[in-house]
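Per-entry structural report
Next come the chains, spelled out residue by residue.
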Amino acid sequence: MELRQLSYFVAVAEELHFGRAAERLHIVQSAVSQQIQRLERELGADLFDRSPRRVRLTGAGERLLPEARAVLAAAERARAAVAAPAGLRIGTSTGLGAHLDRVLDAFARRAPGVPVELFSLPAAERLARVAGGRLDAAFVRAVEPVPGVRVRPLWPDPLVAALPATHPFAGRAEIGVEELAGLPLALTERRTNPALVDLVVGACREAGFEPLPGPSTGSLQDTLASIGTRPLWTVVYASHARVLHSPRVAFVPFRAPGLALATGLAVPADAPSPYLAALLLACDDHEG
């Protein structure tokens, strides 16, 4: 049994899709399939139920998953124990906008000369890397607790509605969620960002309607391009909207109390980076 095989297994188990797991691992799909098959032969058990439409964990796969994560985390801690930290490794996501710039500027003042590496990753992988020692910290929004990680609350991130620039509501100073009932909602898949999807869909239901399903595109850029050509709406973090340049899309704030997700900083529960204290103080500088 190899660490590589366990890493591939965890990626497929989290994505429940061999193709997406291969993209996440930056390797070809056939290599993932081959290593999973070798692992299954070595263990003498099928780890996945495979069908043309879906991939599911078997009972053996469900039992192996927490153990595989623990082995990978232990391996990362072993590597980290003998390697002096060269700088600070931070996980990020889209939508941080000016928040990230201000935190990094404040960190540079507090820890001059310390290099910072940024890694834009899905939320689940950000947390896994913090738990395993591959990231020193990660910005996250409304995540479920993960063993070995604690999340320090930072700031609320308000959302705004993204509409076609030609729509009658585009020039409004604010908008109520209920006013969007007639427009299809283009939103990411729930597995990609459950907190965001639950917040928006829940707000629609509280406003008295079930959102009309719009196209589920692969990226925010694709979604905004679609909104620029037909009547759709989506949500964008206000901090991100301020730096986006989409002349065919209008960004309209929601009427109070609005919609927002809390941003936090995920950090290791044990053995933090020696630069983590400076990063936390930089976040306090930003908030102040």
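Right above here is the structure, for reference.
Worth saying up front: this structure is predicted, and the values here are computed from it rather than measured.

Structural notes on the overall build of the chain
Of the regular secondary structure elements, the chain holds ten helices and eleven strands. Computed over the C-alpha atoms, the radius of gyration of the chain is 21 Å, within 12% of the 19 Å expected from 2.2 N^0.38 for a compact globule of 288 residues. Overall size of the chain, expressed as C-alpha extent along the three principal axes, is 60 × 55 × 30 Å. Residues counted as buried form 43% of the 288 residues belonging to the chain.

Quick word on the layout of surface pockets
By volume, the second largest pocket is sized at about 170 Å³. Lining the second largest pocket we find 13 residues, and of these V177, R255, P257, G258 and L259 sit closest to its centre. In terms of residue class, the lining of the second largest pocket is made up of eight nonpolar, two polar and three charged.

Some words on the pairing of strand β9 (residues 234–237)
The alternating pattern of β9 places T234 and V236 and V235 and Y237 on opposite faces, both of which are buried. In the sheet, strand β6 (residues 149–164) pairs with β9 via four bridges, with the strands oriented antiparallel. Bridge pairing in β9 places A161 opposite V235.

Thoughts on the nonpolar core
In a soluble, globular protein the nonpolar side chains are often hidden away together inside. Formed by 24 residues in total, the largest nonpolar core has its most connected members in L180, W233, V235 and F254. Of all elements in the fold, only β6, α7 (194–206) and β9 reach the threshold of two or more residues within this core. No other element matches the seven residues that α7 contributes to this core. If we skip the residues at most four places from it in the chain, V235 touches L159, V160, L187, L196, V200 and F254.

Quick look at the packing of aromatic side chains
All chains considered together, the criterion is met by three aromatic pairs. With a centroid separation of 5.8 Å and an interplanar angle of 70°, the aromatic rings of F18 and F48 are classed as edge-to-face. You can see F18 sitting in helix α2 (residues 18–25) and its partner F48 sitting in strand β1 (residues 48–50), a full 30 residues away along the chain. In terms of burial, F18 and F48 fall into one category: buried. Ring centres 6.1 Å apart and planes at 35° place the aromatic pair F139 and W155 in the tilted group. Residue F139 is located in strand β5 (residues 137–141), and its partner W155 is located in strand β6; the two are separated by 16 residues in the primary sequence. Like F139, the residue W155 is buried in the burial classification. Site record: aromatic cluster; members linked through ring pairs are F9, F18 and F48. If you follow R141 out to its NZ or CZ, it ends over the ring of Y237, 3.6 Å from the centre.

Here we look at the side chain of R129
Checked against the element boundaries, R129 lands in helix α6 (residues 123–132). Apart from the residues lying within four places of it in its own chain, the contact partners of R129 are F119, L121, R134 and L135.

As for the packing of helix α1 (residues 3–15) against helix α3 (residues 29–43)
Running from N to C, α1 and α3 cross one another at 110°; their axes reach a closest spacing of 9 Å. The orientation of α1 with respect to α3, classified from their angle, is roughly perpendicular. Taken together, the residues of α3 that come into contact with α1 (itself represented by R4, Q5, L6, Y8, F9 and V12) are A31, V32, Q35, I36, R38, L39 and E42. Taken together, the residues of the contact of α1 with α3 sort by class into eight nonpolar, two polar and three charged.

Description of unusual backbone geometry
P257 follows A256 through a cis peptide bond whose omega is 10°. Take P257: it is sitting in the loop between β10 (249–253) and β11 (260–268). In this structure, L16 takes a positive phi of about 50° despite not being glycine. Positionally, L16 belongs in the loop between α1 and α2. Phi is positive for H26, close to 60°, though the residue is something other than glycine. Take H26: it is sitting in the loop between α2 and α3.

Criteria and thresholds
Residues numbered from 1 in each chain as written. Predicted model: local features only at pLDDT ≥ 70, side-chain atom pairs only at ≥ 80, totals over all residues. Heavy atoms only, no water. Helix = DSSP H or I, 4+ residues; strand = E, 2+ residues; numbered from the N terminus. Rg over C-alpha atoms; globule rule 2.2 N^0.38 Å. Buried < 20%, exposed > 50% of the residue type's maximum accessible area, 1.4 Å probe, protein only. 1 Å grid on protein atoms, 1.4 Å probe; cavity = no way out; pocket = protein on both sides within 12 Å on 5 of 7 lines; lining within 4 Å. Points joined across faces, edges and corners; volume = space filled by probe spheres on them. Nonpolar A, V, L, I, M, F, W, Y, C, P; charged D, E, K, R; others polar. Pairing = 2+ DSSP bridges. Core = buried A, V, L, I, M, F, W, Y, C linked by side-chain atoms within 4.5 Å. Contact = heavy atoms within 4.5 Å. Phe/Tyr/Trp six-rings, centres within 6.5 Å; stacked < 30°, edge-to-face > 60°. Lys NZ or Arg CZ within 6 Å of the ring centre and 35° of its normal. Axes fitted to C-alpha atoms, helices over the stretch in contact; angles between N-to-C directions. Parallel < 35°, antiparallel > 145°, perpendicular 65-115°, else oblique.

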